[in-house]
Amino acid sequence: MLAAFLLTFLQKKRHYNIYAVCFMSSLFVAVLIGMAICVKLSSSGIAWWYFVYKFIPGGKSVRAVGRFLFFLSFPLALSIALSGNSITVAVQKSVQAVVAVMLLVLVFAFQIRRGGALAGWNREAGIDAIAAVPTPPADMESFYLIPDESDKRGIPYKQLDAYELATWLEVPTLNGYSGTHPPEWDGIWNFNMIAIKDWIFKNQLQHVYGYDAAEKKWVLYFKENI
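All values reported here derive from a predicted model rather than from experimental measurement.

Peer 1: Is there a simple way to think about the nonpolar core in this case?
Peer 2: For soluble globular proteins, the rule of thumb is that nonpolar side chains tend to be buried together. Listed in full, the 12 residues of the largest apolar core are V133, M140, F143, L145, A162, L165, A166, V171, F191, Y209, Y211 and W218. Take this core: its biggest share by element is 3 residues, from helix α7 (residues 155-169). For A166, the residues in contact, after removing those within four places along its chain, are F143, V171 and T173. Among the nonpolar cores identified, the runner-up in size contains 10 residues, and W185, A195, I196 and Y221 belong to it.

Peer 1: Where do I start with the environment of H207 in this structure?
Peer 2: Mapped onto the elements of the fold, H207 is located in the loop between α9 (193-202) and β2 (208-212). A residue is classified by how much of its surface remains accessible, and H207, at 38% relative accessible area, is partly exposed. For H207 and F143, which are 64 residues apart along the polypeptide, the C-alpha to C-alpha distance reads 8.5 Å. Not counting chain neighbours up to four residues away, the residues in contact with H207 comprise D139, M140, E141 and S142. Side-chain polar atoms of H207 contact the side chain of D139, separated by 3.4 Å.

Peer 1: What is the right way to look at the packing of aromatic side chains in this model?
Peer 2: Between two aromatic rings, the relevant description is the distance of the centres plus the angle of the planes. For the structure shown, the criterion picks out 5 aromatic pairs. A ring pair is formed by F143 and W218, whose centres lie 5.6 Å apart and whose planes are at 85 degrees; its orientation type is edge-to-face. Of this pair, F143 sits in strand β1 (residues 142-146) while W218 sits in strand β3 (residues 217-220), and the two are 75 residues apart along the sequence. Comparing F143 with W218, the two get one shared label, buried. Put simply, the rings of W48, Y50, F51 and F55 touch in pairs and so form one group of aromatic residues.

Peer 1: Got a minute to help me understand α9 in this structure?
Peer 2: An α-helical segment advances 3.6 residues per turn. Residues three or four places apart therefore align on the same side. Of all the residues in α9, the buried ones are A195, I196, W199 and I200. Looking straight down α9, one finds that the buried residues subtend no more than 135 degrees of arc, so they occupy a single side. Buried residues in α9 make contact with β1, α8 (186-189) and β2. Two to three positions downstream of the cap, the backbone nitrogen of I194 sits 2.9 Å from a side-chain oxygen, assigning the N-cap of α9 to N192. Of the residues trailing α9, Q204 is marked for its positive phi of about 50 degrees.

Peer 1: Honestly, the side chain of Q159 in this entry has me stumped. Any pointers?
Peer 2: Here Q159 is to be found in helix α7. Dropping the residues within four chain positions of it, Q159 is found in contact with N175, G176, Y177, W185, I188, W189 and F191.

Peer 1: How should the pattern of salt bridges be read in this particular structure?
Peer 2: Tallied over the entire structure, the rule returns 2 salt bridges. D151 serves as the salt-bridge partner of R153, at 2.9 Å between the closest nitrogen and oxygen. On the basis of relative accessible area, R153 is assigned to the partly exposed category, the value being 25%. Residue class for D151 comes out partly exposed when judged on its relative accessible area of 22%.

Peer 1: Help me out: how do you make sense of a nonpolar patch on the surface in this one?
Peer 2: Judged by side-chain polarity, V39, L41, I46, W48, Y50, F51, F55 and I56 come together as a nonpolar surface patch covering roughly 840 Å² of accessible area. Assessed through its relative accessible area of 44%, V39 is described here as partly exposed.

Conventions adopted
- Residues numbered from 1 in each chain as written.
- Predicted model: local features only at pLDDT ≥ 70, side-chain atom pairs only at ≥ 80, totals over all residues.
- Heavy atoms only, no water.
- Core = buried A, V, L, I, M, F, W, Y, C linked by side-chain atoms within 4.5 Å.
- Buried < 20%, exposed > 50% of the residue type's maximum accessible area, 1.4 Å probe, protein only.
- Helix = DSSP H or I, 4+ residues; strand = E, 2+ residues; numbered from the N terminus.
- Contact = heavy atoms within 4.5 Å.
- Polar contact = N/O pair within 3.5 Å; in protein donor to acceptor, adjacent residues only side chain to side chain.
- Phe/Tyr/Trp six-rings, centres within 6.5 Å; stacked < 30°, edge-to-face > 60°.
- Arc of directions from axis to C-beta.
- Salt bridge = Lys/Arg side-chain N within 4 Å of Asp/Glu carboxyl O.
- Patch = residues over 30% accessible without salt bridge, like charges linked within 9 Å, V, L, I, M, F, W, Y side chains within 5 Å.
- Areas by Shrake-Rupley, 256 points an atom, 1.4 Å probe, with all protein chains shown as cover.

Function-wise, these values are silent; they only describe arrangement.
Okay, structure coming up:
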């Protein structure tokens, strides 16, 4: 799509502006390179991003490599804007003009989503879930989530439920997802009760309760309960 815009831009200009051509070409090359370095080269996950990670300052700070593609929205937006401006200024009754306008329409059409973003939760459901939580015990200092087994959502959503509840109650939670987590926390990510018990013992936590999402009740932590 971007290549088609570049070709249209060049064909529309009878007298090329070398600076405009270089600028558009640079945007085009930047997008190609940006996409290429994120392409996986083998089943083991090796990609050209390895060289960015290894040799370019700041490359090691990118946790999710795929999110680097968000940066491409800037050169893409510039390219589309320049091409669109060229079309509106120099549109003529020709095959090139028709093709250019169709490409511009497709750019916007490709952004239409009938189903919306895939989230798995929404504001109203979150408010209803919090409203159903009974008042926590007065001596509760922290809690962990006991997920509802009938809830078919993925682990990240349930972790966010715990985070949302902790934020609302202003009480720390052993669960909750933040992208990074302390050492030896992995078992809690999977709601492994043995890992929760070990975490409580290791950190000498007191007055810990579990919130049973299925029964909607608070359960005082005891070793024999796990």
